Amino acid sequence: MKRALCVSLAVLWCAVAVMAIGLDSGLAASKDVLEKAKKEGAVVWYTTMPGKARKEIKKVFEKKYPIKLEVFQAGSHDIAGRYLSELAAKRVKVDCIHITDMVFPLDMMDKGNLLKYESPEFAAYAGLAKGWVYPGYIYPLRVLPIASLVNTKKVDWKAIKSYKDMLVPKFKSLIAGGDVGTSTRAYLNYYGLRMKYGTGWYKKLAELDSKYYESSEKAMSNCLSGEWPILFEAWLYTDYQTRVQKKAPLHSVITQEGCVVMPTPNTIMKQAPHPNAAKVLQDFLYSKQVQELLGKSIGVHSGRKDVSGPPEMPALKDIKVIDVDFRDAQAKRKELVAEWRKIASR
């Protein structure tokens, strides 16, 4: 009886220890992997990560590990193109890729171009939305909700509780969103709202002479000036960077219908020249330390269950997610963009 109790306690202790390792922000990489990574000496990361966060990540990583982090920053399309060119030439230089997209990583996984690695840090990413996680390959490094942004000097943001509340005559020519034909974010928002309302919402939006933009910088400038006091689709983290950090007269709105959310993974490529260093980087990026850094520095949400939302922002668990089938959205993209162009007269 006593022996059985001791065995049970030992098993329980091991289970708790494993959980602690998974949720801890410390060194997740095994000693063997870390030693091999040190010999490799470097890891190459292609990323869309904004400058402030990217520089801080590089600084902290290189201070923590004797491994050089070589970074190439560009847009998602350019990064994907760069990797595919390297792959075709059989001279892949990149180890890890992080872009603001789900379709490309899924495509690379399906084609066998991702290296399988189940980081101990991934234990902290349980309970995420359907289609966000593919064990061993894809977990969200950044979670990017798409919300509406409102100029609080021009519009009472608390009065907008539904997407339908934006479809009123007083907002004619005052509401704007990204160009669905050129922006992945705007397209996924169109796809998601179309699942909710069909094309009806966008048709009514067109009657209000809604504006569409390709430059996010111009959109924010026009929103703050009052020319477009409502941006009906924008990254939620923009609210953090503009209102919380800069104290600008802006507020985000997440309607009662919820919002489309883009989970953006960091993947290790199958052809990685430094596979062990890539695993060390993967553990580091998904750690509690880095996830909290990203929330505080640039206002992005984390998929980790032990990391709360950015300061003064809603927690991810409180955001209702409009489901998106990313593969289906990509398959229908040409068709739905044409549909939108006809509705929006673009």
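Heads up: these notes are all about the structure in this document. On a predicted model such as this, the values are computed, not experimentally measured, just so you know. (Residues numbered from 1 in each chain as written. Predicted model: local features only at pLDDT ≥ 70, side-chain atom pairs only at ≥ 80, totals over all residues. Heavy atoms only, no water.)

A separate point is the layout of surface pockets. The calculated volume of the largest pocket comes to roughly 1,300 Å³. Lining of the largest pocket is provided by 46 residues; of these, Thr-100, Arg-185, Ser-216, Trp-235 and Tyr-237 occupy positions nearest its centre. Here the element with the most residues in the lining of the largest pocket is helix 4 (residues 76-88); it accounts for five residues. For the lining of the largest pocket, the per-class residue count stands at 20 nonpolar, 18 polar and eight charged. Each pocket or cavity is described by its volume, and for the second largest pocket that value is around 290 Å³. As for the second largest pocket, its lining consists of 18 residues, and the residues nearest its centre are Ser-302, Arg-304, Lys-305, Leu-316 and Lys-317. (1 Å grid on protein atoms, 1.4 Å probe; cavity = no way out; pocket = protein on both sides within 12 Å on 5 of 7 lines; lining within 4 Å. Points joined across faces, edges and corners; volume = space filled by probe spheres on them. Helix = DSSP H or I, 4+ residues; strand = E, 2+ residues; numbered from the N terminus. Nonpolar A, V, L, I, M, F, W, Y, C, P; charged D, E, K, R; others polar.)

In total, this model carries 20 aromatic pairs according to the counting rule given. Plain terms: the ring middles of Tyr-125 and Tyr-139 are 6.3 Å apart, the flat faces sit at 75° to each other, and that makes the pair edge-to-face. With a gap of 14 residues between them, Tyr-125 in the loop between helix 5 (103-110) and strand 4 (140-151) and Tyr-139 in the loop between helix 5 and strand 4 connect regions that are remote in the sequence. Both residues of the pair, Tyr-125 and Tyr-139, belong to the buried class. Taking 5.3 Å as the distance between ring centres and 70° as the angle between the ring planes, the aromatic pair formed by Trp-201 and Phe-232 counts as edge-to-face. Of this pair, Trp-201 sits in helix 7 (residues 200-207) while Phe-232 sits in strand 7 (residues 230-235), and the two are 31 residues apart along the sequence. (Phe/Tyr/Trp six-rings, centres within 6.5 Å; stacked < 30°, edge-to-face > 60°. Buried < 20%, exposed > 50% of the residue type's maximum accessible area, 1.4 Å probe, protein only.)

It is worth spelling out helix 11 (residues 288-298) at this point. Buried within helix 11 are the following residues: Val-290, Gln-291, Leu-293, Leu-294, Gly-295, Ser-297 and Ile-298. Packing partners of the buried residues in helix 11 comprise helix 3 (51-64), strand 4, helix 9 (237-244) and helix 10 (275-285). Just downstream of helix 11, Gly-299 is the residue with a positive phi angle, here 80°. (Contact = heavy atoms within 4.5 Å.)

Turning our attention to the pattern of salt bridges. Within this structure, the stated rule accounts for 16 salt bridges. A salt bridge links Glu-35 to Lys-38; its shortest N-O distance comes to 3.4 Å. Taken together, the positions of Glu-35 and Lys-38, both in helix 2 (residues 31-40) and three residues apart, correspond to about one turn of that helix. Looking at Glu-35, the relative accessible area reads 36%, which means it is partly exposed. When its relative accessible area of 36% is taken as the criterion, Lys-38 is described as partly exposed. Here Asp-306 makes a salt bridge to Arg-304, at a shortest N to O gap of 2.8 Å. The class for Arg-304 is buried, based on a relative accessible area of 2%. What you see here is one network of salt bridges that share partners, running through Glu-121, Arg-304 and Asp-306. (Salt bridge = Lys/Arg side-chain N within 4 Å of Asp/Glu carboxyl O.)

Here Asn-222 shows up in helix 8 (residues 216-225). A relative accessible area of 9% means that Asn-222 is categorised as buried.

Relative to the elements of secondary structure, Arg-304 occurs in the loop between helix 11 and strand 10 (321-322). There is a polar contact of 2.6 Å between the side chain of Arg-304 and the side chain of Glu-121. (Polar contact = N/O pair within 3.5 Å; in protein donor to acceptor, adjacent residues only side chain to side chain.)

For helix 4, built from 13 residues, the straight-helix expectation of 18 Å at 1.5 Å per residue is met to within 8% by its first-to-last C-alpha distance of 18 Å. Buried residues of helix 4: Ile-79, Ala-80, Tyr-83 and Glu-86, and no others. Along the axis of helix 4, the buried positions cluster into a sector of 130°, meaning they face one direction only. Set apart from the buried face of helix 4 by more than 90 degrees, the exposed residues are His-77 and Ala-88. Positive backbone phi, at 60°, marks Lys-90, one or two positions downstream of helix 4. (Expected span 1.5 Å × (residues − 1). Arc of directions from axis to C-beta.)

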